[in-house]
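Each chain is listed here by its residues.
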Amino acid sequence: MLTLFDYAETCLHRGHRDELLHLTHEAKSKLDSGELTTSSNTKPLPITLVTFPAQPVWVAPRLVPKRKLTAKGGSAAFFHAIGHIEFVAIYLAWDILYRFRGLPNAFYQDWLRIADEEAQHFELISKHLQTLGIDYGDLPAHGGLWELAEQTADNLLARLALVPRCMEAHGLDVTPGLIEKFKQLDDNTSISILQRILTDEVGHVERGSFWFKYVCEQQQLNPETEYRRLLSDYYQGGKPKGPFNREMRIIAGFSNAELDWLEAQSL
Ligand SMILES: [Fe+2]
Ligand SMILES: [Fe+2]
């Protein structure tokens, strides 16, 4: 019987976009129907071997084209950047389940469902990009996104604190404002794509919080102290800047104390 980790290994190392999307959906349906096992006695390959497609070219954030949404090509540049985040998010979901072994079955089910949803988000955006006259890969993209994955490759708690509970949580803070901008432009397609993503992302951050607390409990650590410590250790600048979407972050498993700490001295 194939294991979930066979799929993960192929998805993370081939660097082929369409194959990644296809295999992600296939793995989800096979795991759901009991055709894949989550037990394995193999070891993950080092994270430095993870391979992305040759396009888009990854560059420093300041070199990613930024245009106002109202400018010519502005919406295409915006959705190209969001599409890239979704594409890397497929890898992030595969990577957390590939790299960290020996956890309950539900851990692997959760992150595969998330990989599958990230693939759906990417597909929605790449279809939308085509109506705007470009394809994913035509513009350079932010190279910094994967760095946190590499830095937390040997520490599950740090991975959970920094990826779902920091990067994805930031999406909850900024997406409602972006939806407002598209409302002003009467752009219903963009609104519905962003709305769909926002709804799913609350669930991704919530699973991040759930597993973060689970691992803290296993290791007899205080989750709030640990969260602050890991952000100080791994997050450039010590902690992310607000404003924070308190309402959604609470639904996604943040405590009031964590949000108070994030807000204190945050600009
Ligand atoms: Fe997503
Ligand atoms: Fe996500």
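How each quantity is defined
Residues numbered from 1 in each chain as written. Chains lettered and ligands numbered in written order. Predicted model: local features only at pLDDT ≥ 70, side-chain atom pairs only at ≥ 80, totals over all residues. Helix = DSSP H or I, 4+ residues; strand = E, 2+ residues; numbered from the N terminus. Rg over C-alpha atoms; globule rule 2.2 N^0.38 Å. Buried ≥ 20, exposed ≤ 12 C-beta atoms within 10 Å, placed from the backbone. Contact = placed C-beta atoms within 7 Å. Domains from an automatic or database assignment. Nonpolar A, V, L, I, M, F, W, Y, C, P; charged D, E, K, R; others polar. Core = buried A, V, L, I, M, F, W, Y, C linked by C-beta atoms within 7 Å. Expected span 1.5 Å × (residues − 1). Arc of directions from axis to C-beta.

Some points on the overall build of the protein chain
Scanning the protein chain for helices and strands turns up ten helices and two strands. Its helices and strands taken in sequence order, the protein chain reads α-α-β-α-α-β-α-α-α-α-α-α from the N to the C terminus. Computed over C-alpha atoms, the radius of gyration of the protein chain comes to 18 Å, within 12% of the 18 Å expected from 2.2 N^0.38 for 267 residues, which places it in the range of a compact globule. In terms of its C-alpha atoms, the protein chain occupies a principal-axis envelope of roughly 50 × 45 × 30 Å. With 267 residues in all, the protein chain has 38% of them scored as buried. Long-range pairs, those at least 24 residues apart, make up 77% of the contacts in the protein chain between residues at least 6 apart in sequence.

Re the domain arrangement of the protein chain
Domain annotation of the protein chain identifies domain 1 (1-151) and domain 2 (155-267). Each partner contributes residues to the interface: domain 1 has 16 residues there, and domain 2 has 17 residues. Every element with two or more residues in the side of domain 1 that touches domain 2 is listed here: α3 (74-99), α4 (105-131) and α5 (147-151). Here the side of domain 1 that touches domain 2 gets eight residues from one element, more than from any other, and that element is α4. Along the lines of polarity and charge, the residues of the side of domain 1 that touches domain 2 split into ten nonpolar, four polar and two charged.

Focus: the nonpolar core
For soluble globular proteins, the rule of thumb is that nonpolar side chains tend to be buried together. Within the largest apolar cluster, 65 residues are counted, with the highest numbers of intra-cluster contacts made by Leu4, Ile90, Ala93, Trp94, Leu97 and Ala161. At the level of secondary structure, the elements contributing two or more residues to this core comprise α1 (4-13), α2 (17-32), α3, α4, α5, α6 (156-184), α7 (188-218) and α8 (223-234). Per element, the largest residue contribution to this core is 15 residues, and it comes from α3. Here Leu97 is in contact with Leu4, Ala8, Tyr108, Trp111 and Leu112, once residues within four sequence places are set aside.

Brief notes about α8
Taking 1.5 Å of rise per residue, twelve residues should cover 16 Å, and α8 covers 16 Å from first to last C-alpha, within 8% of that figure. For α8, every residue scored as buried is listed here: Tyr227, Leu230 and Leu231. Within α8, the buried residues cover an arc of 100 degrees as seen down the axis, which keeps them to one side. Facing away from the buried surface of α8 by more than 90 degrees, the exposed residues are Thr225 and Ser232. In the core, the buried residues of α8 are packed alongside α6 and α10 (256-263).

Description of α4
Look at α4: 40 Å from first C-alpha to last across 27 residues, which is about the 39 Å you get at 1.5 Å a residue. Gly133 sits one or two residues past α4 and shows a positive phi near 90 degrees.

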